[in-house]
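Understanding the architecture of this molecule
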Amino acid sequence: MLLGIPASTASRCIRCLETQLGVKLFDRHRHRVRPTTASNAFLKPVRRIRHELKTVLINAKTVARGESGALNFGLYVSPSSGHLRMAICEYQRAFPNIDVQYVEGERQLMERLNTGSIDVATVAGHFRSGMNDVVPLWSEKVLMAMAATHQQGDVDVGRSAQRTDPAWPVISVLSSATI
């Protein structure tokens, strides 16, 4: 057995590949097989491509887990101080490989949230939206909204918003988001 398959199957696959390439990859002798110069020229870039593909898959998995990528954060209120600033700083410490981009002071944040140009919108005061999940974060009347169609729109954060740690609700919403 070779690579978990019978040697005869591997040999047939290699011969098929040689036919497709129009190049002899191995010199076959009675009791041994040796790679040709063409084989070495063929395998060197194949190994590099295999390594790059492995890297791409690892990167895709870290993005899917929310460990890297980008988060576009729409802000109607300034994060210069207070609970929101603490929450954002804590999020960035917890997820240093996520590039957080800010869009500030726009009244069209909910529109941008609905179109997907931002991932999260933070607005002040009382706010209702039929298309988004809106969660009050603390008594300062700062609310966070996420499109109901967003991958993490079904995350139940209602109870977490009542916690006394002001950074926890934002971290729990954002850390579970697929970026």
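This report concerns the structure included in the present document. (Residues numbered from 1 in each chain as written. Predicted model: local features only at pLDDT ≥ 70, side-chain atom pairs only at ≥ 80, totals over all residues. Heavy atoms only, no water.)

The nonpolar side chains of a soluble globular protein tend to be buried with one another. Counting 11 residues, the largest nonpolar core is built from Leu71, Phe73, Leu75, Val77, Leu84, Ile88, Tyr91, Phe95, Ile98, Val100 and Val120. Of all elements in the fold, only strand 3 (69–75), helix 3 (82–94) and strand 4 (98–104) reach the threshold of two or more residues within this core. Counting residues in each nonpolar core, the second largest holds 7 residues, with Met110, Ile118, Ala121 and Val123 among its members. (Core = buried A, V, L, I, M, F, W, Y, C linked by side-chain atoms within 4.5 Å. Buried < 20%, exposed > 50% of the residue type's maximum accessible area, 1.4 Å probe, protein only. Helix = DSSP H or I, 4+ residues; strand = E, 2+ residues; numbered from the N terminus.)

A complete count under the given rule lists 2 aromatic pairs for this structure. Where tyrosine 91 meets phenylalanine 95, the ring centres are 5.0 Å apart and the plane angle is 35°; that geometry is what we call tilted. As far as burial versus exposure is concerned, tyrosine 91 and phenylalanine 95 are alike and both buried. (Phe/Tyr/Trp six-rings, centres within 6.5 Å; stacked < 30°, edge-to-face > 60°.)

Moving on: the side chain of serine 39. One can find serine 39 in helix 2 (residues 37–64). In terms of polar contacts, serine 39 uses its side chain to reach the backbone carbonyl oxygen of leucine 25, at 3.4 Å. Excluding its chain neighbours within four sequence positions, the residues that come into contact with serine 39 are Leu25 and Phe26. (Polar contact = N/O pair within 3.5 Å; in protein donor to acceptor, adjacent residues only side chain to side chain. Contact = heavy atoms within 4.5 Å.)

Turning our attention to the side chain of threonine 36. Tracing the backbone shows threonine 36 in the loop between strand 2 (33–35) and helix 2. Every residue in contact with threonine 36, bar those within four places of it in the chain, is listed here: Lys24, Leu25, Phe26 and Asp27.

This brings us to helix 2. Along its 28 residues, helix 2 runs 41 Å from first to last C-alpha, staying within 8% of the 40 Å computed at 1.5 Å per residue. One or two residues past the end of helix 2 sits glycine 66, with phi positive at roughly 80°. (Expected span 1.5 Å × (residues − 1).)

As a further point, take a nonpolar patch on the surface. Together, Leu53, Val56 and Leu57 make up a nonpolar patch on the protein surface, roughly 280 Å² of accessible area in all. Structurally, valine 56 is set in helix 2. (Patch = residues over 30% accessible without salt bridge, like charges linked within 9 Å, V, L, I, M, F, W, Y side chains within 5 Å. Areas by Shrake-Rupley, 256 points an atom, 1.4 Å probe, with all protein chains shown as cover. Salt bridge = Lys/Arg side-chain N within 4 Å of Asp/Glu carboxyl O.)

All right, on to helix 1 (residues 7–21) then. Counted at 1.5 Å a residue, the expected span for helix 1 with its 15 residues is 21 Å, and the 21 Å between its end C-alpha atoms agrees. Just downstream of helix 1 lies glycine 22, where phi reads positive at about 75°.

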